[in-house]
Amino acid sequence: MPHTKALGFTAAVAALALGLTACGAGGNDDNGGSGGDGDGLQFGYIFPESGDLAFLGPPQISAAEYAIQEINDAGGVLGTELPKLIGGDEAGDAAQANETANRLLDQGVDAILGAAASGMTKAVIDSITGAEVVQCSGSNTAPDLTDYPDGGYYFRTAPSDLMQGPVLAETILADGHQSVAIIYRADDYGEGLANSVSEALEASGAEVTAKESYDPNATNFDAAVNAVVNSKPEAVFLASFEEGIQAISGLLEAGLKADQMYSADGMNSSDLSSRVNADDPSVLAGFTGTAPGVNAPEFEQALAEFNPDLQDYQFAAQVYDCAITIALAAEAAGSTDPKDFVSEMVNVTRDGEKCTSFVECRDLLAEGADIDYDGISGPLDFDDNGNVTAASFMIYGFNDKGEYEILDYVESGGN
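Residues numbered from 1 in each chain as written. Predicted model: local features only at pLDDT ≥ 70, side-chain atom pairs only at ≥ 80, totals over all residues. Heavy atoms only, no water.

Okay, the overall build of the protein next. Helices and strands together make up the secondary structure of the protein, namely 12 helices and 14 strands. Against the 2.2 N^0.38 benchmark of 22 Å for 415 residues, the protein shows a C-alpha radius of gyration of 21 Å, consistent with a compact globule. Projecting the C-alpha coordinates of the protein onto the three principal axes gives extents of approximately 65 × 40 × 40 Å. Taking as baseline every contact in the protein between residues at least 6 positions apart, the subset at least 24 positions apart corresponds to 70%. Summing over all exposed atoms, the protein offers an accessible surface of approximately 14800 Å²; the carbon and sulfur share of this is 43%. (Helix = DSSP H or I, 4+ residues; strand = E, 2+ residues; numbered from the N terminus. Rg over C-alpha atoms; globule rule 2.2 N^0.38 Å. Contact = heavy atoms within 4.5 Å. Areas by Shrake-Rupley, 256 points an atom, 1.4 Å probe, with all protein chains shown as cover.)

Listed below in structure tokens is the structure:
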């Protein structure tokens, strides 16, 4: 398990990638890639436009569209503009996610961004990677995706929860809590994160008083809440999506305070407090969580100008880096055929001359250099399984008025 540096570390931020370019060639084949000379690199996406993670859809879609605009403003990939981004809803539903994936494959995409939820990726990864199309998620964190048999076509710029668990545990312990109960949704995300947090807590000498799962489709969480409350913990960790609001309400009704509660990226929404209690958002004062995130104000400002309606930026930088890395891999391979550029995905992120924008990296490639792209979301440094080996996490919380705040940034992994 990677080490975690001390809290208070502010992640170094890569320079904003402006004036991006990429390159491609290619030809239609039976496996989904567009291929053929003169074809533009075709991106698709599978993101949540509805469902429990709908708040993650706008920043991820906007980040993908922004990356493509930057690439095209600089002349496109291999001298050809990228076609318009195409995609669809994962909706927190495996059947819906599969329908979207199959439609994108039928449309001949070269790369798919997403899915957002780890469980939705598990529903579509075999179809996508089996078609020899590159898949890159900016938000999958489930540990069991680390060495999934994907034929080398799956990548993620979000860190595994094996990295986030110790950050969460340290955050809870730093607040003085030595006994913690865990509530988690019974799926790949919830179970993986709950296990990572509990192992890190116990390794640090803390007691896990209860570990209760729940059906995310249930309408009543009383059993899990009661079991946790009866274990008399000093703090509670929730590995939840939007449905976790019901668990929070139950815990508050049972007498626990929000400053005893912790969560992660699945509940990292700026309007969480008003969704818990629209009349009195201050009930969530002191609630704390962690999520993959970097201190990248220039990037967020540029994305806000690109889409002024954005309210959340969770995983936007990671999706942006997925798109840029794919485009750089196509540049390095001299082809937009995923069967050609997939072998360059790892290479362009490590063991070369460092560069922090697409233009800089592209120019180095044109000079025959080996490159090491450091993205907006961090150094990336893909391992052979397509996982990042270092990442930055934000610590977020809610003040006395129930207003969302970013409290700190902390680095995990790396050297």
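Structure shown, so let's carry the discussion forward.
Another point: the sheet that holds strand β4 (residues 134-137). Spatial strand order, β2-β1-β3-β4-β5: 5 strands in an open sheet with parallel pairing. Bordering the open sheet on either side are β2 (86-89) and β5 (154-156), each of which pairs with just one other strand. The sheet shows a mean angle of 20° between the axes of neighbouring strands, taken without regard to direction. Pairing geometry for strand β1 (residues 43-47) and β2, over 4 bridges, is parallel. (Pairing = 2+ DSSP bridges. Axes fitted to C-alpha atoms, helices over the stretch in contact; angles between N-to-C directions.)

Bringing the environment of P149 into the picture now. Along the chain, P149 falls in the loop between β4 and β5. Sequence separation between P149 and G205 is 56 residues; the distance between their C-alpha atoms is 35 Å.

Along the polypeptide, H177 turns up in the loop between α4 (161-174) and β6 (179-185). A residue is classified by how much of its surface remains accessible, and H177, at 12% relative accessible area, is buried. Side-chain polar atoms of H177 contact the backbone oxygen of E234, separated by 3.4 Å. Separated by 3.2 Å, the side chains of H177 and Y262 make a polar contact. Once you skip the residues sitting within four places of it in the chain, H177 turns out to touch I172, E234, A235, D259 and Y262. (Buried < 20%, exposed > 50% of the residue type's maximum accessible area, 1.4 Å probe, protein only. Polar contact = N/O pair within 3.5 Å; in protein donor to acceptor, adjacent residues only side chain to side chain.)

What follows concerns helix α6 (residues 222-230). Every buried residue belonging to α6 is among A224, V225, V228 and V229, and all of these are buried. For α6, the arc enclosing every buried residue in end-on projection is 130°, short of the 170-degree limit, so these residues lie on one face. In α6, the exposed positions that point more than 90 degrees away from the buried face belong to A223 and N230. On its buried side, α6 packs onto β6, β7 (207-214), β8 (235-239) and α7 (244-253). Remark: K232 follows α6 within two positions and exhibits a positive phi of approximately 55°. (Arc of directions from axis to C-beta.)

For the rest of this paragraph, the subject is a negative patch on the surface. On the surface, a cluster of negative charge is contributed by E199, E202, E207 and E234. Structurally, the position occupied by E234 is in the loop between α6 and β8. Its relative accessible area of 35% is what places E234 among the partly exposed residues. (Patch = residues over 30% accessible without salt bridge, like charges linked within 9 Å, V, L, I, M, F, W, Y side chains within 5 Å. Salt bridge = Lys/Arg side-chain N within 4 Å of Asp/Glu carboxyl O. Lys, Arg positive; Asp, Glu negative; His and termini not counted. Charge placed at Lys NZ, Arg CZ, Asp CG, Glu CD.)

Spatial strand order, β7-β6-β8-β9-β10-β13-β14: 7 strands in an open sheet with mixed pairing. Where the open sheet ends on each side, the last strands, each with one partner, are β7 and β14 (404-413). This sheet shows a mean twist of 20° between the axes of neighbouring strands, independent of strand direction. As paired elements, strand β13 (residues 390-398) and β14 share 9 bridges and run antiparallel to each other. By the bridge assignment for β14, G397 is matched with E405. Contacting β6, β8, β9 (261-263), β10 (288-292), β13 and β14, α4 crosses the sheet at an angle of about 155° to β10. Across the sheet, α6 touches β6, β7 and β8, and the angle it forms with β7 is around 175°.

It is worth spelling out the pairing of strand β3 (residues 111-114) at this point. Pairing of β1 with β3 involves 4 bridges; the strand directions are parallel. Residue pairing for β3: G44 is matched across the bridge by I112. For β3 and β4, the ladder comprises 3 bridges, and the chain directions are parallel. Bridging across to β4, A111 finds its partner in V134. Handedness of the crossover is the feature at issue here: the chain leaves β3, passes through helix α3 (residues 118-130), returns alongside β4, and the resulting connection is right-handed. (Right-handed = clockwise from strand over helix to strand, strands pointing away.)

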